[in-house]
Amino acid sequence: MSMMGLTAIETMAVWIVLGIAILGLVYALFLRQQILREDKGTEAMQDVWNAIRQGADAYLSRQLRTILPFIVVLTVALFLSVYIVPPSAEAVERFEGVSHNVLRLMVGLGRALAFVMGATFSLLVGQIGMRMAVQANVRVAAAARHSFSDSLRIAYRAGTITGMLTDGLGLFGGTIIFIVFGKAAPDVLLGFGFGGTLVALFMRVGGGIFTKAADVGADLVGKVEQDMPEDDPRNAAVIADLVGDNVGDCAGMAADIFESYEVTIVSGLILGLALTAITGNIEWILFPLLVRGIGVLASIVGTYLVKGQSAARGNAMRAIFRGFLTSAVISVVLFGIIAMVYMQDVPGGWWRPFLSTAVGVLLAIVIDRLTDYFTGAHSKSVQEIRDSTDGGPATTILSGLAAGYESSVWSVVVIALTIMAAIAIYAGMPLEQLTTSLPAGAVQVAFVLYGVALTGIGMLTLTGNNVAMDSFGPIADNANGIGEMAGLDDNARQIMADLDAVGNTTKAITKGIAIGSAVIAAVSLFGAFITDVGKIDPTALAGGIRVSEPVVFVGILLGGALPWLFSSLAIKSVSRAAGQMVEEVRRQFRIPGIIEGTRKPDYARAVTISTAAAQRDLINLAVIAVVTPILVGLLLNVEALGGFQAGIILSGQLLAVFMANTGGAWDNAKKVIEDEPRSLEANTGKGSERHKASVVGDTVGDPLKDTAGPALNPMIKVVNLVSLIIAPIIVRYQGFSVIEAGIVVLLMVLVGWAITRSKRGPKTIMDTPAFSATD
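Residues numbered from 1 in each chain as written. Predicted model: local features only at pLDDT ≥ 70, side-chain atom pairs only at ≥ 80, totals over all residues. Heavy atoms only, no water.

K.L.:
How do you make sense of the overall build of the protein chain when you look at a structure like this?
P.N.:
The secondary structure content of the protein chain amounts to 20 helices and 0 strands. Against the compact-globule benchmark of 28 Å for 775 residues, the protein chain has a radius of gyration of 25 Å, which places it among compact chains. Among the 775 residues that make up the protein chain, the fraction classed as buried is 65%. Sequence-distant contacts, at least 24 apart, represent 86% of the contacts inside the protein chain between residues at least 6 apart. Carbon and sulfur atoms form 65% of the exposed surface of the protein chain, whose accessible area is close to 26200 Å². Averaged over its 55 positive side-chain charges, the protein chain has a centre that lies 4 Å from the centre of its 62 negative ones. (Helix = DSSP H or I, 4+ residues; strand = E, 2+ residues; numbered from the N terminus. Rg over C-alpha atoms; globule rule 2.2 N^0.38 Å. Buried < 20%, exposed > 50% of the residue type's maximum accessible area, 1.4 Å probe, protein only. Contact = heavy atoms within 4.5 Å. Areas by Shrake-Rupley, 256 points an atom, 1.4 Å probe, with all protein chains shown as cover. Lys, Arg positive; Asp, Glu negative; His and termini not counted. Charge placed at Lys NZ, Arg CZ, Asp CG, Glu CD.)

Set out below in structure tokens:
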């Protein structure tokens, strides 16, 4: 790394960061060994667990076969991209003396391999994390027979395995690329970020469709029509529902946060490189890596401290939040020390980058509290929804919609204040001391955008804690289901029910953090987009992205519309699959012996229905996300493409928060009613009319909070990364040739095919070739 101009201490620091990444992975392995040593319970419990495990394995295997061809095609495309736009000046400097053709080959291979590495790491995080969650659920149920504390410890530490995989692999990949490519790392990191983001989109969409098709079908027939408890073994969709909790909330969320983790590093290094070129200080590039290393260490300490002291729901939540705050305090203190020691010579002072990262940690905590305010079981919003169930499903729906709309407003205000904080932190920079040909306004914007990127990096410092909190939810939920189906005693069931309730809260909180981090990451990528375009043609966006230009406004309108189209198609897919699931559960209930409990349902057929639906629409939605920014850039121009991204960020943020919080509030309102004493005369508890109204609200909210809403996070970043990759090509080859016209027509046909295929669907889910019962 001597060619990068690093001192011996800086070189050592980079290797230490790499060592910390490996330490995070070793910690995950250590926790895995701990979990696997725990008791798996009775034979009846293991029978249920094996059904969940087999369903999860079948889904993951089928999903991998579905997305591999898409990854191969994009790997080739990324390799060839360097033959359209040559490597950057930083790459030429980094590999001085290498011929132009060899340099193109090196950067092309680096970008393609980084894409494969990002995709592979994202797959590993999702698949290994989910498989560990499945391993843990039966052990949590077994521990609940004798200890609340042990159940909490097993569930949270199993979730921590996924969290540390996210932390460790994300930091390992980014650091390795930096070690090999140095200042030219952004050329390659785009591929790394794109690989992780694309796989996250697949896992988020596929997992969301799977889980909600099963959940909606199980609830409508089991709870509403047959008045059965949740996870009743007579319900044919119950195993598919339990599998869905893992593929949606565990694998999907882990891959989602992993790609945000990658993307903020990508944007931070790109913007840091721009500031290095302006100021001559390489500290701007290294500081994000150092911050990430601190985050891994803080997460190791904070997550290991989570232990329950008594059998109380509030105690579990306090223990989890105490671990979160412990990691936050450690991180902020070490950020300050590193900034004071290492960033003291940068223009403007060390305190500016320190405050940027500290604001990111604060943002995670604020979003945590804001989400809890609108979706927590004891919040005013949820209590209002509970009260509105007196009027039936219609008033329940209206009350939930109102809460969701308001939550979106305050989430946007928090994000806006975060960006304003970056503006305030970097106000008054000593620009007159810098020797640069760039206008003062452009330099000031570069500092602010770097501050936003650092905020995103700071926000995701506690990734290990966040993913552990999210994975805790499906683990506790599955344990509760196993306890119900295996007939455990009332004390064990109460412990698992309390952990399940805590898990619902932690899942809602991490959804809010995932959405917030996605928006901050997208804004950071937006800044990297402007920076990269300026390198190719300084005049292309010299006047900024002008909303007054009609073509730019068209881009904003199209960008604002895309999240709505994406959400519509995702929900339509859930609706189709849920309809098939409802019919299948009803069909099986008509078989003599099933509803009486003397005959076992065919759980595998329900898993097949959900799997087939999920795989069928994966490629359609991915094509829409990847191709639309290319079309906008080719048809309009690079400035309109910038407007397109701005429209997606705003519209996607509002819509994602609305859907996540509306569904979460409906879900918890239902659980509040279920916790009430059952009395048909007082209209309270399970089986009451209020409960049935709340189930309708929860059923409507399920695809919002677990499918369409979370899927918007990776979709926003896929669009931003594709825009970042395609922008230099658009700027370099301006004009509209015959070849370009042919490409546009081909892409329009491709998008039309994807939309039409998503809207039509097969006559029945079982007609699709995506999956067969023999899989």
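On we go from here.
K.L.:
Just to check I follow, could you spell out the packing of helix 10 (residues 351-375) against helix 13 (residues 440-459) for this structure?
P.N.:
The geometry of helix 10 relative to helix 13 is characterised by a closest axis approach of 7 Å and an angle of 50 degrees between their N-to-C directions. Considered as vectors, helix 10 and helix 13 are oriented oblique to each other. Seen from above, helix 10 lies across helix 13 with right-handed handedness. Only Gly451, Leu454, Thr455, Gly458 and Met459 of helix 13 make contact with helix 10, whose side of the interface consists of Pro353, Ser356, Thr357, Val359, Gly360, Val361, Leu363, Ala364 and Ile367. When its residues are assigned to classes, the contact of helix 10 with helix 13 shows 8 nonpolar, 6 polar and no charged. (Axes fitted to C-alpha atoms, helices over the stretch in contact; angles between N-to-C directions. Parallel < 35°, antiparallel > 145°, perpendicular 65-115°, else oblique. Left-handed = near helix turned anticlockwise from the far one by under 90°. Nonpolar A, V, L, I, M, F, W, Y, C, P; charged D, E, K, R; others polar.)

K.L.:
In this structure, what is going on with helix 11 (residues 380-388)? I would like to understand it.
P.N.:
Think of an α-helix as 3.6 residues a turn; residues three or four steps apart then line up on the same face. Considered for burial, the residues of helix 11 that qualify are Ser381, Val382, Gln383, Ile385 and Ser388. Considering only its buried residues, helix 11 is in contact with helix 10, helix 12 (393-425) and helix 18 (638-674).

K.L.:
What's the story with the side chain of Asn478 in this structure? I'm lost.
P.N.:
Residue placement: Asn478 occurs in helix 14 (residues 463-486). Apart from the residues lying within four places of it in its own chain, the contact partners of Asn478 are Ile52, Asn137, Leu242, Asp245 and Asn246.

K.L.:
Can you help me understand the packing of aromatic side chains in this one?
P.N.:
Remark: the centre distance and the inter-plane angle together describe each pair of aromatic rings, the angle taken between the planes. Taken as a whole and assessed by the stated rule, the structure comprises 16 aromatic pairs. Note on Phe70 and Phe202: the rings are 5.5 Å apart at their centroids and 90 degrees apart in plane angle, and the pair reads as edge-to-face. In this pair, Phe70 is assigned in helix 2 (residues 43-81) and Phe202 in helix 6 (residues 185-225), connecting sequence segments 132 residues apart. For Phe202, a relative accessible area of 1% translates into the label buried. For the pair Trp284 and Tyr450, a centre-to-centre distance of 5.3 Å together with 85 degrees between the ring planes defines the contact as edge-to-face. In this pair, Trp284 is assigned in helix 8 (residues 283-304) and Tyr450 in helix 13, connecting sequence segments 166 residues apart. This pair shows no difference in class: Trp284 is buried, exactly as Tyr450 is. An aromatic cluster is present here, built from Trp284, Tyr426, Phe447 and Tyr450 joined pairwise through their rings. Cation over ring: Arg94 sits above Phe95, and NZ or CZ is 5.0 Å from the ring centre. (Phe/Tyr/Trp six-rings, centres within 6.5 Å; stacked < 30°, edge-to-face > 60°. Lys NZ or Arg CZ within 6 Å of the ring centre and 35° of its normal.)

K.L.:
I keep staring at a nonpolar patch on the surface and nothing clicks. Help me out?
P.N.:
Residues Val72, Val76, Leu80, Tyr83, Leu105, Leu109 and Leu113 make up a contiguous nonpolar surface patch of roughly 630 Å² in combined accessible area. For the nonpolar patch, the secondary structure elements donating two or more residues are helix 2 and helix 4 (100-143). (Patch = residues over 30% accessible without salt bridge, like charges linked within 9 Å, V, L, I, M, F, W, Y side chains within 5 Å. Salt bridge = Lys/Arg side-chain N within 4 Å of Asp/Glu carboxyl O.)

K.L.:
Honestly, the environment of Ile338 in this entry has me stumped. Any pointers?
P.N.:
Turning to its location among the elements, Ile338 is positioned in helix 9 (residues 313-342). Residue classification places Ile338 among the partly exposed residues on the basis of a relative accessible area of 27%. A sequence separation of 187 residues divides Ile338 from Ser151, and the C-alpha atoms of the two residues are 38 Å apart. Contact partners of Ile338, with chain neighbours within four places excluded, come to Phe287, Leu290, Ile294 and Met343.

K.L.:
For this particular structure, what's the right way to read the pattern of salt bridges?
P.N.:
What the rule picks out here adds up to 30 salt bridges. Between Arg369 and Asp372 there is a salt bridge, and its shortest N-O distance comes to 3.7 Å. Taken together, the positions of Arg369 and Asp372, both in helix 10 and 3 residues apart, correspond to about one turn of that helix. A residue is classified by how much of its surface remains accessible, and Asp372, at 24% relative accessible area, is partly exposed. Among the salt bridges present, the one from Lys705 reaches Asp706, with a minimum N-O distance of 2.6 Å. The same class applies to Lys705 and to Asp706, which are both buried. Put simply, Lys212, Asp215, Asp667, Lys670, Lys671, Asp698, Asp702, Lys705 and Asp706 are held in one network by salt bridges that share partners.

K.L.:
I keep staring at the packing of helix 5 (residues 148-181) against helix 7 (residues 238-279) and nothing clicks. Help me out?
P.N.:
A pair of packed helices is characterised by two quantities: the angle between their axes and the separation of those axes. Their axes nearest at 10 Å, the elements helix 5 and helix 7 cross at an angle of 30 degrees. Judged on the interaxial angle alone, helix 7 and helix 5 are roughly parallel. By crossing handedness, the relation of helix 5 to helix 7 is classed as right-handed. In this structure, helix 5 contributes Thr162, Thr166, Asp167, Leu169, Gly170 and Leu171 to the contact, and helix 7 contributes Cys250, Ala254, Ile257, Phe258 and Tyr261. Looking at the contact of helix 5 with helix 7 residue by residue, the class counts come to 7 nonpolar, 3 polar and 1 charged.

K.L.:
Help me understand the confidence of the model for the protein chain in this model?
P.N.:
Low pLDDT marks stretches whose predicted atomic positions should not be read closely. Overall, the predicted model of the protein chain reaches an average pLDDT of 86, with 96% of residues at or above 70. Looking across the protein chain, the model is least confident in helix 3 (residues 89-94), with a mean pLDDT of 78, and most confident in helix 1 (residues 8-36), with 94. Below a pLDDT of 50 lies the segment residues 765-775, which in the model reaches 26 contacts outside its immediate sequence neighbourhood of four places, other chains included. (pLDDT = per-residue confidence, 0-100.)

K.L.:
How should the environment of Asp387 be read in this particular structure?
P.N.:
Tracing the chain through its elements places Asp387 in helix 11. Each C-alpha atom of the pair Asp387 and Arg690 lies 8.8 Å from the other, and the pair is 303 residues apart in sequence.

K.L.:
How should helix 20 (residues 738-760) be read in this particular structure?
P.N.:
For helix 20, built from 23 residues, the straight-helix expectation of 33 Å at 1.5 Å per residue is met to within 8% by its first-to-last C-alpha distance of 33 Å. Buried within helix 20 are the following residues: Glu740, Val744, Leu747, Val751, Ala754 and Ser758. Where helix 20 is buried, its residues touch helix 16 (550-589) and helix 17 (603-635). (Expected span 1.5 Å × (residues − 1).)

K.L.:
Is there a simple way to think about the side chain of Asp617 in this case?
P.N.:
Following the sequence through the fold, Asp617 ends up in helix 17. Look at Asp617 and you get buried, because its relative accessible area is 2%. A distance of 3.0 Å separates polar atoms of two side chains, one belonging to Asp617 and the other to Arg576. Beyond its immediate stretch of four places on either side in the chain, Asp617 contacts Ile209, Ser573, Arg576 and Ser758. (Polar contact = N/O pair within 3.5 Å; in protein donor to acceptor, adjacent residues only side chain to side chain.)

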